[in-house]
Amino acid sequence: MTTIRAVAIGTGHYLPERVVENSEFAECLDTTDEWIRTRSGIERRHFAAEGELTSDLALKASTMALADAGITAQDIDAIVLATSTPDQTFPSTATKLQHALGMTKGFAFDIQAVCAGFLYALANAQALIVSGQAKRVLVVGAETFSRIMDWTDRSTCVLFGDGAGALILEAQSQPGTSDDDGILSSCLHSDGTYNDLLYVDGGVSSTQTTGVLKMQGREVFKHAVSKLAEAGEEVLDAAGLTADDVDWVVPHQANLRIIASTARKVGIPMDRVVVTVQNHGNTSAASIPLALSVARQNGQIKPDQLLLMEAIGGGLAWGAALMRWSKA
Ligand code: UT7
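Below: a short report on this structure. Being a predicted model, the structure only gives us computed values, none of them experimental. (Residues numbered from 1 in each chain as written. Predicted model: local features only at pLDDT ≥ 70, side-chain atom pairs only at ≥ 80, totals over all residues. Heavy atoms only, no water.)

## Side note on the overall build of the protein
- Across its full length, the protein carries ten helices and 13 strands.
- Taken along its principal axes, the extent of the C-alpha atoms in the protein is 60 × 45 × 40 Å.
- Every one of the 328 residues in the protein was classed for burial, and the buried ones make up 57%.
- When contacts within the protein are restricted to residue pairs at least 6 apart in sequence, those whose partners lie at least 24 apart make up 76%.
- Accessible surface, the protein as shown: approximately 13300 Å² in total, 51% of it carbon and sulfur.
- Counting 25 positive and 38 negative side-chain charges, the protein places the averaged centre of each group 2 Å from the other. (Helix = DSSP H or I, 4+ residues; strand = E, 2+ residues; numbered from the N terminus. Buried < 20%, exposed > 50% of the residue type's maximum accessible area, 1.4 Å probe, protein only. Contact = heavy atoms within 4.5 Å. Areas by Shrake-Rupley, 256 points an atom, 1.4 Å probe, with all protein chains shown as cover. Lys, Arg positive; Asp, Glu negative; His and termini not counted. Charge placed at Lys NZ, Arg CZ, Asp CG, Glu CD.)

Below is the structure:
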């Protein structure tokens, strides 16, 4: 029986110009390039320039995604933008992006689920498409985490970077099998019991300040591998597929050891895992669409391939999605 699927038709990404190598941190903190590389896999990250906002990064990634899809902003019905580092408390960064794109119809809103934000945005965009509320949705992850770093805390400030990624989803009628193009299954989870493992110590209603990021890295690490592997298996089961069917895992790019341990647990070799963390560190909600766009640009992801995406972050909030890249 035919069904409406949310099918990807374009990707884009943007990294700010300023590149910061691990060696720069070693000059002002008790750390080394060797420690950062071996414990996280990160070699460098990009930081936004002064005055360069999350919406600026989002605009560049979105412009590239629109060109890749061969459409204009007027062809988009909705923007769902995931960020934990918005330009302002309100209005939403999504509406700022909408305005910057010159899009005067449709609707735009932000989603906040930290590093899992893109998967939350993707699931919401899929729901808008499947319910018939939107035909084409621009899904964006954009962050300026350099604005919420404690530069004296070596256990966090070396891990994060700024960037943006974008994906355009389109409603398409598909046969209704696991061979369909588009999103085949997705799952979202959160457990606020773990709020204190990863948080920012400021906020509008608490301190009226922005605050800085605090993380119990080792604890987050432990939860990450088991929860990500379970979420991966959940979306494969839901689609009636197995790890052998997956062409590429496109994981949240936080730590190479988490990526490798999770892939091993799900039973997928590392030569089928997209890894970009070395070049931009943890860009939170931007990380999956960024990796997706880079992997398409360098020819890794090809038509008809099956992609498994998974992410976890503050909340804790986590999830996974299974998507087949378009056959055409
Ligand atoms: O995207 C959201 C989700 N976040 C994550 O996925 C992050 C999850 N966690 C991690 O990626 C890892 O736990 C880290 C990369 C944050 C840390 O790696 P680890 O192997 O878990 O190290 P650790 O926290 O157990 O620390 C080991 C040692 C400690 O020293 P002692 O107590 O053993 O003497 C730290 O003080 O490494 C020390 N350390 C550092 N040393 C040099 C912590 N940060 C640094 C540093 N340079 N930058």
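Having seen it, we continue.
## Quick look at the sheet that holds strand β8 (residues 182-190)
- Taking strand neighbours across the sheet as the criterion, the four strands line up as β8-β13-β12-β11 in an open arrangement whose pairing is mixed. Every interior strand has two partners, whereas the edge strands, β8 and β11 (248-251), have only one. Pairs of neighbouring strands in the sheet enclose a mean axial angle of 15°, with direction left out of account.
- One ladder, built from four bridges, connects β11 with strand β12 (residues 306-313); its direction is parallel. Each bridged residue has a counterpart across the sheet, and for Val250 the counterpart in β12 is Met309.
- Across the sheet, helix α5 (residues 117-130) is in contact with β8, β12 and β13 (317-324); its angle to β8 comes to roughly 125°.
- The strands touched by helix α7 (residues 217-239) within the sheet are β8, β12 and β13, with β13 carrying the most contacts at an inclination of about 35°. (Pairing = 2+ DSSP bridges. Axes fitted to C-alpha atoms, helices over the stretch in contact; angles between N-to-C directions.)

## Considerations on the pairing of strand β5 (residues 107-111)
- Two strands pair when backbone bridges link them, and strand β4 (residues 78-82) and β5 are joined in this way by five bridges, in the parallel orientation. Paired with Ala82 across the strands is Ile111, a residue of β5.

## Notes on helix α10 (residues 287-297)
- Of all eleven residues that make up α10, eight are buried, and the element is covered over most of its length.
- For α10, the set of buried residues is Ser287, Ile288, Pro289, Leu290, Ala291, Leu292, Ser293 and Ala295.
- Phi for Gly299, located one or two positions after α10, is positive at around 80°.

## Some thoughts on the site of the ligand
- If you check the shell around the ligand, you find 23 residues, and the closest are Thr31, Arg39, Arg218, Asn255 and Asn282.
- A distance of 2.7 Å separates an oxygen atom of the ligand from a polar side-chain atom of Arg39.
- The fraction of the free accessible surface of the ligand (950 Å²) that becomes covered by protein chains is 75%.
- Contributions of two or more residues to the shell around the ligand are made by α2 (33-40), α6 (154-157), α7, α8 (256-266) and β12.
- The biggest single contributor to the shell around the ligand is α7, with four residues.
- Residues of the shell around the ligand, tallied by class, amount to eleven nonpolar, seven polar and five charged. (Near = heavy atom within 4 Å. Polar contact = N/O pair within 3.5 Å; in protein donor to acceptor, adjacent residues only side chain to side chain. Nonpolar A, V, L, I, M, F, W, Y, C, P; charged D, E, K, R; others polar.)

## Focus on the nonpolar core
- Ranked by internal contacts, the top residues of the largest apolar core, which has 47 residues, are Leu308 and Leu322.
- Only β8, α7, α8, β12 and β13 provide two or more residues apiece to this core.
- Broken down by element, this core gets its largest block of residues, nine residues, from α7.
- Contacts of Leu322, omitting those with residues within four sequence positions, involve Gly182, Ile183, Leu184, Ser185, Val235, Leu236, Ala239, Leu241, Leu306, Leu307 and Leu308. (Core = buried A, V, L, I, M, F, W, Y, C linked by side-chain atoms within 4.5 Å.)

## Remarks on a negative patch on the surface
- Where like charges cluster on the molecular surface, the negative patch consists of Glu230, Glu233, Glu234 and Asp237.
- Position of Glu230 relative to the elements: it lies in helix α7.
- In this structure Glu230 comes out as exposed when scored by relative accessible area, which is 52%. (Patch = residues over 30% accessible without salt bridge, like charges linked within 9 Å, V, L, I, M, F, W, Y side chains within 5 Å. Salt bridge = Lys/Arg side-chain N within 4 Å of Asp/Glu carboxyl O.)

## Description of the packing of aromatic side chains
- Summed over all chains, the structure comprises three aromatic pairs.
- Relative to Phe109, the ring of Phe107 has its centre 6.3 Å away and its plane inclined at 5°; by these criteria the two rings are stacked.
- Accessibility expressed as a relative area gives 31% for Phe107, which makes it partly exposed.
- Positioned above the aromatic ring of Trp318, the side-chain terminus of Lys227 is 5.2 Å from the ring centre. (Phe/Tyr/Trp six-rings, centres within 6.5 Å; stacked < 30°, edge-to-face > 60°. Lys NZ or Arg CZ within 6 Å of the ring centre and 35° of its normal.)

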